[in-house]
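Letter by letter, the chains look like this.
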Amino acid sequence: VQLVESGGGLVQPGGSLRLSCAASGFTFSSYAMSWYRQAPGKERELVARIMRVGGRTNYADSVKGRFTISRDNAKNTVYLQMNSLKPEDTAVYYCQAWIEKDYWGQGTQVTVSS
């Protein structure tokens, strides 16, 4: 199993970024996929999850209405569209899948600063 995130960077408050997570080594369409984040000095927290069937999603309260998780099963990729970014969104963002155990990507840094 391999999860590779991309798309992070430096953005001004109010800006947007789209993160991607390319998955391989398992039947992507059969599993829920999640994005987590970890800010300096804080615990890792769930940001968004998309289920394997029907595309049902759930979000942390702090990102509802600003972030959108989606998946393309043909490309084995999950996305996180982040709009109206705030300085408190600054963190390392990780892609996660549970396939008999936890699998994580290497993370991508998102910095929101003027």
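Every chain is numbered on its own, with residues counted from 1 as its sequence reads. Owing to the predicted nature of the model, reporting of local features is limited to residues with pLDDT of at least 70; listing and counting of side-chain atom pairs is limited to 80 or more, with chain, interface and lining totals taken over all residues. By convention in this description, side-chain values take in all heavy atoms of the structure and omit both hydrogens and water.

## Structural notes on the nonpolar core
- The biggest cluster of nonpolar side chains holds 29 residues, and the ones touching the most others in it are Met33, Trp35, Val78, Leu80, Met82 and Tyr93.
- Secondary structure elements with two or more residues in this core: strand S3 (17-24), strand S4 (33-38), strand S5 (45-50), strand S7 (67-72), strand S8 (77-82), strand S9 (91-98) and strand S11 (108-112).
- Contact partners of tyrosine 93, with chain neighbours within four places excluded, come to Glu5, Leu19, Trp35, Tyr36, Arg37, Val47, Phe67, Leu80, Met82, Gly107, Thr108 and Val110. What makes a nonpolar core is a set of buried Ala, Val, Leu, Ile, Met, Phe, Trp, Tyr and Cys residues whose side-chain atoms join them at distances within 4.5 Å. The buried label goes to any residue with under 20% of its type's maximum accessible area, the exposed label to any with over 50%, and the partly exposed label to all in between, with areas taken from a 1.4 Å probe on protein chains only. A helix here means a DSSP run of H or I that spans at least four residues, while a strand means a run of E at least two residues long, and both kinds are numbered starting from the N terminus. Contacts between residues were defined by any pair of non-hydrogen atoms, one from each residue, lying within 4.5 Å.

## Here's the deal with the pairing of S8
- Burial analysis of S8 places five of its six residues in the buried class, the great majority of the element.
- With six bridges joining them, S3 and S8 adopt antiparallel strand pairing. For leucine 19, the partnering residue across the bridge sits in S8 and is leucine 80.
- Taken together, the six bridges between S7 and S8 define a ladder with antiparallel strand orientation. Among the inter-strand pairings, serine 70 is bridged to a residue of S8, identified as tyrosine 79.
- Paired strands, in this sense, are two strands between which DSSP finds at least two bridges. Adjacent in sequence and paired antiparallel, S7 and S8 are bridged by four residues, among which asparagine 76 carries a positive phi angle near 50°.

## Overview of the environment of glutamine 38
- With respect to the element layout, glutamine 38 can be found in strand S4.
- Accessibility expressed as a relative area gives 28% for glutamine 38, which makes it partly exposed.
- For the pair glutamine 38 and tyrosine 93, spaced 55 residues apart in sequence, the C-alpha separation works out to 6.6 Å.
- Apart from residues lying up to four places away in sequence, glutamine 38 is in contact with Glu43, Arg44, Ala91, Val92 and Tyr94.

Function-wise, these values are silent; they only describe arrangement.
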